[in-house]
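# Breakdown of the fold
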Amino acid sequence: MGRRGGKGVSDEDYVVNKRNGRNGKGKRGKGREEMETSDIEDDLSSYVSNLSYQQNIDKESLGEGSLTGESGIEDNDVLDQQLDVSLEAAALKNSVVRVKNLKIIQELLSSKIMGETLFKRKGEMLDVLIKSFKIGKGSERLTTSQLTVLYGLQCGEEIDMESLYTEIKTFLLSAVNDGSADVAQRAKIIFKLAVLCFLCSDNIDDRKELLVLLREKVKQNDPDVIINSLASISLILTVCSPTERRNVIQMLLPSVRTLLKNGNVEVRIEAGEFIAHVFELGRDYDELFDEQVEDLEDLLEDLDKLQTDGAKFRAKRDRKVQRASFREIYAFVCGEGDVNEQVKISLNETLTLTSWSERVQYGAIKEILGTSTSLHLQQNIFVREIFGLGAVPLRIEPVSRGDKIEMKKLNAACHKARQKNMLKQRDKRMVV
């Protein structure tokens, strides 16, 4: 038998000693270790009980069509229970448990309309968000930033949006400027910060502070940071006053033009779309905006090269996407094109985007909601107000499984009766 941990110590004794905090040569912080072990066991025991409760809820809900009953109506009691369990577990000390439950809440807020349910728990929700920002790192901060935006979209004007942005802004700015964090995660948090500002704040000082930060981020070398910063500036500009827009455009347009020659195709496309948006905003506050742009002919020439670029050293897909994007951008900057995009919301409703500003806002909301965008455009009052869609239309309940079976039985009975009648008529003709 092999020996470890010192002379004369068997494998079994070594495992027992290791478990008890001894290595065969002495003891180490026994009291402190027992406290830490006790805390971890408490968290894990709480998590196990919460997880088993969640699984029971999931099993019950899956039996009814994934949180929907036979009539297709969401079971609010099940949603309330699942949200309560996840909020409780998201406040535990164990980071793995917190992140898992934050993602569960994120999925609920994304795939369901829970404005009233969330409003009743706004205190608990805000506490969870602040705690996760304070003690979380990396992916937990990113998940929490996404969850914060979803919380704002769900509750809308039911909560104090200005207060939400004020309380969360400091944590988001800290996460964005954290040099030890992953660059890609920080880039995504930049965009979440801009969306939250767009949704919550009407304060000119908040916008000014954020735009100063974003202008500095555009000058960095990382493609993800540049793309998210440009998209964020475009979104904030949609709610700025003409004076704010003029100042930002004058300071930023020259540096964005240089990005048209960037080696990353996504950076070039984002820069081109930003320029098209800038021309739309500029023409809104000044009809002679085109004449005030320095070296306009050179800019048009650069855009024309990008819409006809056939360089073989670029990937085939990149060339195709770039040419398609810059054809539209070039036509708009020249004043020969316009924006007209149809977004299907439901069978009877369509959202029409007729400007770059509307397209930018829709792109931001879609980035947050993902595949649930259509659901929120149909039923989320706050999201509908952003795009001027009016009140939520009356909801036609889907036919339940029980009703379908009854209809099939009725149709079968009618078919049988028709067949009998046809046979009788045929027999009468034969007798004649």
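Presented here is an overview of the structure given in this document. (Residues numbered from 1 in each chain as written. Predicted model: local features only at pLDDT ≥ 70, side-chain atom pairs only at ≥ 80, totals over all residues. Heavy atoms only, no water.)

Attention shifts here to the pairing of strand β1 (residues 341–344). As paired elements, β1 and strand β2 (residues 350–353) share 4 bridges and run antiparallel to each other. Counted as the bridge partner of Val-343 is Leu-351 from β2. A loop of 5 residues connects β1 with β2, the two strands running antiparallel in sequence. (Pairing = 2+ DSSP bridges. Helix = DSSP H or I, 4+ residues; strand = E, 2+ residues; numbered from the N terminus.)

The next subject is the environment of Arg-245. Within the secondary structure, Arg-245 is located in helix α12 (residues 242–258). We classify Arg-245 as buried; its relative accessible area is 13%. C-alpha separation for the pair Arg-245 and Tyr-285, spaced 40 residues apart in sequence, amounts to 8.9 Å. Separated by 2.9 Å, the side chain of Arg-245 and the backbone oxygen of Leu-237 make a polar contact. (Buried < 20%, exposed > 50% of the residue type's maximum accessible area, 1.4 Å probe, protein only. Polar contact = N/O pair within 3.5 Å; in protein donor to acceptor, adjacent residues only side chain to side chain.)

Attention now moves to the pattern of salt bridges. With the rule as written, the count across this model stands at 14 salt bridges. The salt bridge involving Arg-121 is made with Asp-84; its shortest N-O contact spans 2.6 Å. One end of the pair, Arg-121, is in the loop between α5 (115–120) and α6 (122–135); the other, Asp-84, is in helix α3 (residues 76–89), and 37 residues separate them in sequence. Classification of Arg-121 by relative accessible area gives buried; the value is 11%. Here Glu-301 makes a salt bridge to Lys-305, at a shortest N to O gap of 3.7 Å. With Glu-301 and Lys-305 both in helix α15 (residues 296–307) and 4 residues apart, the pair spans about one turn of that helix. Bridged by salt links that share partners, the residues Lys-169, Asp-206 and Glu-209 form one connected network. (Salt bridge = Lys/Arg side-chain N within 4 Å of Asp/Glu carboxyl O.)

The way to describe two aromatic rings as a pair is by their centre distance and the angle between their planes. All told, the structure shown has 5 aromatic pairs when counted by the stated rule. Aromatic pair Phe-133 and Phe-171: ring centres 5.9 Å apart, planes at 5°, arrangement stacked. Taken together, the positions of Phe-133 in helix α6 and Phe-171 in helix α8 (residues 161–176) put the pair 38 residues apart, joining distant regions of the chain. Centre to centre, the rings of Phe-279 and Phe-289 are 5.4 Å apart; their planes meet at 90°, and the pair counts as edge-to-face. Note that Phe-279 is positioned in helix α13 (residues 265–285) and Phe-289 in helix α14 (residues 289–292), a separation of 10 residues in sequence. Connected via pairs of aromatic rings, a cluster forms that spans Phe-279, Tyr-285 and Phe-289. Sitting over the face of the ring of Phe-332, Arg-283 holds its NZ or CZ atom 5.6 Å from the ring centroid. Above the ring of Trp-356, the side-chain terminus of Arg-359 is found at 4.7 Å from the ring centroid. (Phe/Tyr/Trp six-rings, centres within 6.5 Å; stacked < 30°, edge-to-face > 60°. Lys NZ or Arg CZ within 6 Å of the ring centre and 35° of its normal.)

Here the focus is the nonpolar core. If you look at the biggest cluster of nonpolar residues, it comprises 104 residues, and the most contacted ones within it are Leu-109 and Leu-199. Considering every element that reaches this core, the biggest residue donor is helix α9 (residues 183–200), with 12 residues. With sequence-adjacent residues up to four places away left out, Leu-199 is seen in contact with Val-149, Leu-153, Met-161, Ile-365, Phe-382 and Ile-386. (Core = buried A, V, L, I, M, F, W, Y, C linked by side-chain atoms within 4.5 Å. Contact = heavy atoms within 4.5 Å.)

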